Amino acid sequence: MFQFELVVTEKCNLNCSYCYMQNTPTVMNTLDFQQHYEMLPKLMKIYGQADFSTAFFGGEPLLNWNLIEYAVKIIKMNPKNKGFVIPTNGLLLTPEKFKFLKENNVNISLSFDGLWNKSERLDKEHKSRFDQYMNLWTNDRESWLPLLRNCKIMISPGTMIGKDSITDNYRWFIDVIGNYYPDFTLVRDRTWSEKTISLFKIQIKELADYTIEYIENGIETMPGIFSLYMLDTILGEKYGKRTFGCFAGCSGAGFMPNGFVYPCARFGSKMEKPIADSNRKKILNTKLQNINPKTFTECLNCELWQYCNTGCTYEQQIQGGPVPGVCTLFKACYEQAFRITEQLKHNKTFHNVIKQIVKRIGG
Ligand code: SF4
Ligand code: SF4
């Protein structure tokens, strides 16, 4: 399925420490959208995709709410569109917006880092919005609880040197939010230093220790950072390694406010490797070189070769192969995921957890 990543604005109301977008004042208008929407079927054909799913991306996409409303009304008439999602920090959500999104089957993917919001996701005045989230949640639990229980939580270099460890944040999600499967995800770029990588190794081991302890006490839980690598291991053994890292360059694209299309929003934010010019209705270079993880020479002798789907394609294009620091993080995650599996392989609660994980990805 083609990923139609429509970057409706590059502006944001936050200034997160690890964000790769330029936070420039660009905003997509209805004409830009129409020109991109005309380009969409041509790119789907080139990449051999029969249908698509739409993501309204940013910056903070809710800053261009009028365009989202306009585009949803048009795209939802297209039977090839299989779904909508808005990755958002959620601060601009209102009861009216929730109503519109629900009526039009638009999903929200909340970017919220729990305790780390206090240090890594500050606004432009360098102030924390953590308390604002807690108020929003308290005042409208019905709308906010599902978002907080399914949010994306980024582990970045900054979180390694802050006050709260990964385990502190894990316990906060369980105790305060009731999120037993917090979706911790790695920032996979070149910003990790030797110091933050060595701190990560210590913290990820502590996180695995706590996960084992919870499960041995009959609590069904698993941080996403482990379930992802458990699934990659199962899928790698069953079906072999994937031939792509992500959709960039093979099954999706980022459609930017400047009228150009790029392999994804990250390429677009740097204006690198444009694949089409929607204003002039021109296809440019749609091929990215060296994106198949099976062919990376750096990976051939790696113990994770069979399972690892490598890091961010953009970072690898810049680096000319896998980013060594990110590989060290992957290895630490796999090591702990294997340890959890080995230690709990006969544990009934762990078997239920695995069933839950497979169910959550629709397996
Ligand atoms: S950890 Fe690095 S070297 Fe090993 S397979 Fe993954 S990307 Fe390749
Ligand atoms: S290139 Fe990186 S930022 Fe772009 S879609 Fe792939 S993983 Fe995401």
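Residues numbered from 1 in each chain as written. Chains lettered and ligands numbered in written order. Predicted model: local features only at pLDDT ≥ 70, side-chain atom pairs only at ≥ 80, totals over all residues. Heavy atoms only, no water.

Observations concerning the pairing of strand β3 (residues 81-88)
The line we're drawing: When DSSP finds at least two bridges between two strands, those strands are taken to pair. Where helices and strands are cited, they refer to DSSP runs of H or I of at least four residues and of E of at least two residues respectively, numbered from the N terminus. Note on handedness: a crossover is taken as right-handed if, strands pointing away from the viewer, the path from the first strand over the helix to the second is clockwise.
Here strand β2 (residues 52-57) pairs with β3 via three bridges, running parallel. Within the sheet, the bridge partner assigned to Phe52 lies in β3 and is Asn81. Note that the unit made of β2, helix α2 (residues 65-75) and β3 has a crossover that is right-handed. Note that β3 and strand β4 (residues 106-110) share five bridges and pair parallel. Across the sheet, the residue bridging to Pro87 is Ser109, located in β4. Once you follow β3 into helix α3 (residues 95-103) and on to β4, the crossover reads as right-handed.

Details of the sheet that holds β4
Note the threshold: Here, residues are in contact when the closest pair of their heavy atoms is within 4.5 Å. Axis lines are fitted to C-alpha atoms, over the contacting stretch for helices. Their N-to-C directions set the angle, which ranges from 0 to 180 degrees.
Reading across from one edge, β4-β3-β2-β1-β7-β8-β9-β10 is the order of the eight strands in this open sheet, with mixed pairing throughout. Strands with a single pairing partner mark the edges of an open sheet, and in this sheet they are β4 and β10 (282-283). Relative to β2, α2 is tilted by about 175°, and along the sheet it contacts β1 (2-7), β2, β3 and β4.

Structural notes on the packing of helix α1 (residues 30-46) against α2
Basically, it comes down to this: For a crossing to be left-handed, the near helix must be turned anticlockwise from the far one by less than a right angle; the clockwise case is right-handed. Following the grouping adopted for this structure description, the nonpolar residues are Ala, Val, Leu, Ile, Met, Phe, Trp, Tyr, Cys and Pro, the charged ones are Asp, Glu, Lys and Arg, and the polar ones are all others, Gly among them.
At their nearest, the axes of α1 and α2 sit 10 Å apart, and the two run at 30° to each other. Between α1 and α2 lies a crossing of right-handed hand. In contact with Thr30, Phe33, Gln34 and Tyr37 of α1, α2 contributes Leu67, Tyr70, Ala71, Ile74 and Ile75. Among the residues forming the contact of α1 with α2, the class breakdown is seven nonpolar, two polar and no charged.

Some remarks on unusual backbone geometry
For the peptide bond that leads from Gly58 to Gly59, omega is 20°, which places it in the cis range. Mapped onto the fold, Gly59 is located in the loop between β2 and α2. One non-glycine residue, Lys281, adopts positive backbone phi at about 55°. Checked against the element boundaries, Lys281 lands in the loop between β9 (276-277) and β10.

Some remarks on the site of ligand 2
Short version of the rule: Whether a residue is near a molecule or strand is decided by its heavy atoms; if any one of them lies within 4 Å of it, the residue is near.
Taken together, Arg188, Cys246, Phe247, Ala248, Cys264, Arg266, Phe267, Cys312, Thr313 and Tyr314 make up the full set of residues adjacent to ligand 2. Elements with a minimum of two residues in the shell around ligand 2: α11 (265-269) and α12 (313-319). Class assignment of the residues belonging to the shell around ligand 2 gives a composition of seven nonpolar, one polar and two charged.

What to know about the side chain of Thr211
Relative to the helices and strands, Thr211 is located in helix α9 (residues 194-216). Here Thr211 is in contact with Tyr170, Thr221, Met222, Pro223, Phe226 and Ile340, once residues within four sequence places are set aside.

Thoughts on the side chain of Arg121
Threshold: Residue burial is assigned from relative accessible area. The probe radius is 1.4 Å, only protein chains are included, and a residue is buried under 20% of its type maximum, exposed over 50%, and partly exposed in between. Counted as positive: Lys and Arg. Counted as negative: Asp and Glu, with His and the chain ends omitted from the count. Put simply, a salt bridge is a Lys or Arg side-chain nitrogen that is within 4 Å of an Asp or Glu carboxyl oxygen. N or O atoms within 3.5 Å of each other form a polar contact, as long as, within protein, one can give a hydrogen and the other can take it, and as long as residues adjacent in sequence are counted only when both atoms are side-chain atoms.
If you trace the backbone, Arg121 turns up in the loop between α4 (117-120) and α5 (130-139). Notably, Arg121 is buried but unbridged: the nearest opposite-charge side chain belongs to Asp113, and the N-O separation is 4.2 Å. A polar side-chain atom of Arg121 sits 2.8 Å from a polar atom in the side chain of Tyr18. A distance of 3.1 Å separates a polar side-chain atom of Arg121 from the backbone oxygen of Ser111. Leave out the neighbours within four places in its chain, and Arg121 touches Leu14, Cys16, Tyr18, Asn89, Ser111, Phe112, Asp113 and Trp116.

Things to note about the pairing of strand β7 (residues 252-255)
On β7, burial covers both faces: Gly252 and Gly254 on one face and Ala253 and Phe255 on the other are all buried. Direction of pairing for β1 relative to β7: parallel, over a ladder of four bridges. What sits directly across from Gln3, in β7, is Gly252. In this antiparallel pair of consecutive strands, β7 and strand β8 (residues 260-262), the connection spans four residues, and Gly259 shows a positive phi of 90°.

Some points on α3
Selection criterion: Here the arc refers to the directions that run from the helix axis out to each C-beta atom.
Listing the buried residues of α3 in full gives Lys97, Phe98, Phe100 and Leu101. All buried residues of α3 fall inside an arc of 165° around its axis, so they share one side. Residues of α3 that are exposed and angled more than 90 degrees away from the buried face: Pro95, Glu96, Lys99, Lys102 and Glu103. At its buried positions, α3 is contacted by α2, β3, β4 and α6 (141-148). Downstream of α3 by one or two residues, Asn105 has phi in the positive range, about 55°.

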